[in-house]
Number of protein chains: 2
Amino acid sequence: MRAVLLDEKTKMLRIGETEEPDRSAGDVLVRVKATALNRADLLQRRGLYPPPPGASPILGLEMAGVVEEGSGPWKPGDRVMALLPGGGYAERVRIPAGMAMRIPDALSFEEAAAIPEVFLTAYLNLFRLGGLKSGQTALIHAGASGVGTAAIQLAREAGVRTIVTAGSQAKRDACLALGAGEAIDYKAGPFAPRVREATGGRGVDLILDFVGAPYWEQNLASLAIDGKLIIVGTMGGAKVPELDLGHLLARRLQIIGTALRTQPKERKEELTADFAAFALPRFASGKLKPIVDSVWDWNEVEAAHARMESNANIGKIVLRITDGSEE
Amino acid sequence: MRAVLLDEKTKMLRIGETEEPDRSAGDVLVRVKATALNRADLLQRRGLYPPPPGASPILGLEMAGVVEEGSGPWKPGDRVMALLPGGGYAERVRIPAGMAMRIPDALSFEEAAAIPEVFLTAYLNLFRLGGLKSGQTALIHAGASGVGTAAIQLAREAGVRTIVTAGSQAKRDACLALGAGEAIDYKAGPFAPRVREATGGRGVDLILDFVGAPYWEQNLASLAIDGKLIIVGTMGGAKVPELDLGHLLARRLQIIGTALRTQPKERKEELTADFAAFALPRFASGKLKPIVDSVWDWNEVEAAHARMESNANIGKIVLRITDGSEE
């Protein structure tokens, strides 16, 4: 089959021939129609985020496509989407039956490919780890990112108020349109006083953070008593110069490190089933929407990566996997 | 009524006359028969741990006694024990009906007074915050302390294996007798390699820590993937010189600051009800035992405090509240 491969000499991505997906990866063979970009892809191609043991070395943590060989409830022709440990930038993948979700009829493959990583990440962190309940408030950094736009919508559906940070008016408008209660321009000054103000001095119950060390002090200052700081990424740096455990104790704060990709298969399947029950009817009815920034043919994978590197996207960057006959 | 008061000049504790307990503290009036010491008492008398707003300035975070004025299910003559926001070193306290627990017939007041703080603290942290399940492993620092001896027993009853640290052979023997799977002498060298060894290299699912900064690195090194470090105290210092958020992310670790005393009343009542359902039948049958280090007449409160300061105790130090007629 064909897949996006890394040219070791030029360090450029290009489509080439490679082996069919490993049978040990799962019983359902899927013809991939679309995949989507994640920041982990940018790190992985630079050698900074090696795939977990046993995972495909091919990039791509999610996909939408058509079943070619079924298993369990899945039959050839079924439209499915799934989280992947890798291998999405390819013509075919194999997945365990428990990882597949049925694509609602109303969604295209390109829209469906924009769902698994960001919505499952947001669902895991807001509800499973974060235990957010109706009436609470969450601060979502990078509100216009893939995970951010998913988190705003899931929170809204669960009755949770969101405050977001985003660096441009277009991004803040997009967040507000999705249901964010407040959108803070982090370039206009420290966000913590704005968060305090927006919560009547109380602070937020949960923070979803991708930035890490540069936001550490402000994040702690933005949390309410019993608040949870959920660290999903450390894009701005990981080393915090000092931690005062007394603050954690006095305000009963929780610092939670989390990652979706490294979770064991059983837990991913359980999460997928929970999420599907909550979210698929809402995608079918249009209450939840995959936020697609742009769709690129997979021949344009380098340009698509450049767009993510530039932080210009609002929502997900999708690759359409075209077969030879369409070229 | 009489209560233990702090002499502002000598900084010594002595029994003296003071006002009856504030009616706003609750509807059940209890004649206190016994109270027990907590480290917070040592801090509070030095002015380092002021009572929360609205709480009695009198020391004493727990008590056992006899109901004098009932409310809800409680009638005069009922033997009850309860967590207190303060005021236990006194002849009488008022408590909300929802905070009282019935003392099992098999237990004396001195034994019952040794239960609320340490068992509720252990229950909150192991199960509510820690989510420990049968088959998991916990590292309990200060295993022979009040909270430690309670945590070992509650974990054992829930099918959770415990590894403890303790500084003397007598303390380690006491922990093993209560059901600890392993007891580490923290004075004999770093505990982290011993924990790794005792878990086949995997690490533990939860750590209950009172020490703080000096144990930070070793605690992180002792955690399994998805492990939780629960900080209940910072007796050795609170300032950690560096925190690498990347470690938390890569191993999906959680750092949880916690305190029982500052929790809102509703949550304490809910916790008390949950704990009572789990634990009171086990105290009645003898499966759970309050661990009483020593019992002192409240005239000897200074000597009792000195014993806690010296770290010599195994389990709880109890004060018997004797009335004038017995003197």
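Residues numbered from 1 in each chain as written. Chains lettered and ligands numbered in written order. Predicted model: local features only at pLDDT ≥ 70, side-chain atom pairs only at ≥ 80, totals over all residues. Heavy atoms only, no water.

Our focus in this paragraph is the sheet that holds strand S11 (residues 204-209) of chain B. Ordered in space as S10(A)-S9(A)-S8(A)-S11(A)-S12(A)-S15(A)-S15(B)-S12(B)-S11(B)-S8(B)-S9(B)-S10(B), the 12 strands form an open sheet in which the pairing is mixed. A single partner strand is all that each edge strand has here, and the edge strands are strand S10 (182-185) of chain A together with strand S10 (182-185) of chain B. Sheet twist, expressed as the mean angle between neighbouring strand axes with direction ignored, is 15°. Here strand S8 (residues 137-140) of chain A runs beside strand S11 (residues 204-209) of chain A; their pairing, made up of 3 bridges, is parallel. Across the sheet, the residue bridging to A:Ile140 is A:Leu208, located in S11(A). (Pairing = 2+ DSSP bridges. Helix = DSSP H or I, 4+ residues; strand = E, 2+ residues; numbered from the N terminus. Axes fitted to C-alpha atoms, helices over the stretch in contact; angles between N-to-C directions.)

Residue and element names in this part refer to chain B. Following the sequence through the fold, Asp 78 ends up in the loop between strand S4 (62-69) and strand S5 (79-83). Owing to a relative accessible area of 15%, Asp 78 belongs among the buried residues under this scheme. Setting aside its immediate chain neighbours within four residues, Asp 78 contacts Gly 65, Val 66, Val 67, Pro 73 and Arg 102. (Buried < 20%, exposed > 50% of the residue type's maximum accessible area, 1.4 Å probe, protein only. Contact = heavy atoms within 4.5 Å.)

Attention now goes to the domain arrangement of chain A. All names here are of chain A. On domain assignment, one finds that chain A holds domain 1 (2-115 + 264-320) and domain 2 (118-257). Distance between the C-alpha centres of domain 1 and domain 2: 26 Å. Summed over both partners, the interface of domain 1 with domain 2 buries about 1,900 Å², with 66% contributed by carbon and sulfur atoms. When the buried area of domain 1 at its contact with domain 2 is split by residue, Leu 271, Phe 275 and Ile 314 rank highest and sum to 28% of it. Taken together, the connections running from domain 1 to domain 2 amount to 9 residue pairs in polar contact (both at pLDDT 80 or more). For the side of domain 1 that touches domain 2, the leading source of residues is helix H9 (residues 265-285), giving 8 residues. The class makeup of the residues in the side of domain 1 that touches domain 2 is 13 nonpolar, 4 polar and 8 charged. (Domains from an automatic or database assignment. Buried area = accessible area lost by both parts, 1.4 Å probe. Polar contact = N/O pair within 3.5 Å; in protein donor to acceptor, adjacent residues only side chain to side chain. Nonpolar A, V, L, I, M, F, W, Y, C, P; charged D, E, K, R; others polar.)

It is worth spelling out the interface of chain B and chain A at this point. Size of an interface: often given as the accessible area lost when the parts come together. Contacts between the two partners involve 32 residues from chain B, matched on the other side by 32 residues from chain A. In total, chain B and chain A occlude about 2,600 Å² of area from one another, counting both sides; carbon and sulfur atoms represent 58% of this. It is B:Leu245, B:Leu249 and B:Arg252 in chain B that bury the most area against chain A; as a group they hold 27% of the surface buried on that side. On the surface where chain B and chain A come into contact, there are 2 salt bridges. Residue A:Arg267 is joined to B:Asp226 by a salt bridge in which the shortest nitrogen-to-oxygen separation is 2.9 Å. Joining chain B to chain A, the criterion identifies 11 residue pairs in polar contact (both at pLDDT 80 or more). Grouping the amino acids of the side of chain B that touches chain A by side-chain chemistry returns 17 nonpolar, 9 polar and 6 charged. Here strand S13 (residues 239-240) of chain A pairs with strand S14 (residues 243-244) of chain B via 2 bridges, running antiparallel. Counted as the bridge partner of A:Lys239 is B:Asp244 from S14(B). (Salt bridge = Lys/Arg side-chain N within 4 Å of Asp/Glu carboxyl O.)

A word on the relation of the copies chain B and chain A. Of the two same-sequence chains, chain B is brought onto chain A (RMSD 0.0 Å, axial shift 0.0 Å) by a rotation of 180°. On this basis, the relationship between the two copies can be described by a two-fold rotation axis. Looking at the interface residues of chain B, 100% of them are also at the interface in chain A, so both copies use one shared face. (Least-squares fit on C-alpha atoms with pLDDT ≥ 70 in both.)

Before going further, it helps to examine the environment of B:Arg94. Residue and element names in this part refer to chain B. Here Arg 94 is to be found in strand S6 (residues 92-95). Separated by 169 residues in sequence, Arg 94 and Gln 263 place their C-alpha atoms 18 Å apart. Those residues in contact with Arg 94 that sit more than four places away from it in its chain are Pro 21, Asp 22, Arg 23, Ala 25, Gly 26, Asp 27, Val 28, Leu 29 and Glu 69. Looking at Arg 94, its side chain comes within polar contact range of the side chain of Glu 69, at 3.2 Å.

Further remarks concern the nonpolar core. Counting residues in hydrophobic clusters, the biggest one holds 55 residues, and the most contacted among them are A:Met81, A:Phe119, A:Leu126, A:Leu154, A:Leu208, A:Phe275 and A:Phe283. For this core, the element with the highest residue contribution is helix H3 (residues 116-129) of chain A, accounting for 8 residues. Among the domains, domain 1 (2-115 + 264-320) and domain 2 (118-257) of chain A are the pair contributing at least three residues each to this core. Those residues in contact with A:Met81, other than ones at most four positions away along the chain, are A:Met63, A:Ala64, A:Met99, A:Ala100, A:Met101, A:Arg102, A:Ile103, A:Pro104, A:Ala112, A:Ile115, A:Pro116 and A:Leu280. Core analysis: the second largest hydrophobic core is formed by 54 residues, B:Met81, B:Ala114, B:Ala155 and B:Phe210 among them. (Core = buried A, V, L, I, M, F, W, Y, C linked by side-chain atoms within 4.5 Å.)

All chains considered together, the criterion is met by 46 salt bridges over all chains. Taking the shortest distance from any N to any O, the salt bridge between B:Glu157 and B:Arg156 comes out at 2.9 Å. Salt bridges sharing common partners tie together A:Arg23, A:Glu69 and A:Arg94.

The subject of this paragraph is the packing of aromatic side chains. For the coordinates displayed, the defined rule picks out 14 aromatic pairs over all chains. A centroid spacing of 5.0 Å and a plane angle of 75° characterise the contact between B:Phe119 and B:Phe283, whose relative ring orientation is edge-to-face. With a gap of 164 residues between them, B:Phe119 in helix H3 (residues 116-129) and B:Phe283 in helix H9 (residues 265-285) connect regions that are remote in the sequence. An aromatic cluster of three or more residues is present, and its members are A:Phe119, A:Tyr123, A:Phe127, A:Phe275, A:Phe278 and A:Phe283. Directly above the ring of A:Phe109 sits A:Arg79, whose terminal nitrogen or CZ lies 4.7 Å from the centroid. Cation over ring: B:Arg261 sits above B:Tyr49, and NZ or CZ is 5.0 Å from the ring centre. (Phe/Tyr/Trp six-rings, centres within 6.5 Å; stacked < 30°, edge-to-face > 60°. Lys NZ or Arg CZ within 6 Å of the ring centre and 35° of its normal.)

Turning our eyes to something else, we now look at helix H5 (residues 169-178) of chain B. All names here are of chain B. Of all the positions in H5, only Lys 171, Arg 172, Cys 175 and Leu 178 are classed as buried. Down the axis, H5 shows its buried residues gathered within 125° of arc, on one side only. Buried residues in H5 make contact with helix H4 (146-157), strand S9 (161-166) and S10. With its phi angle positive at about 120°, Gly 179 sits one or two positions after the end of H5. (Arc of directions from axis to C-beta.)

Residue and element names in this part refer to chain A. The phi dihedral of Ala 142 is positive, around 50°, even though this residue is not glycine. As for its position among the elements, Ala 142 is in the loop between S8 and helix H4 (146-157). Assessed through its relative accessible area of 33%, Ala 142 is described here as partly exposed.

Residues and elements named next belong to chain B. The topology assignment puts Thr 10 in the loop between strand S1 (2-6) and strand S2 (13-17). For Thr 10, a relative accessible area of 48% corresponds to the partly exposed category. Along the primary structure Thr 10 and Glu 197 are separated by 187 residues, whereas in three dimensions their C-alpha atoms are 50 Å apart.

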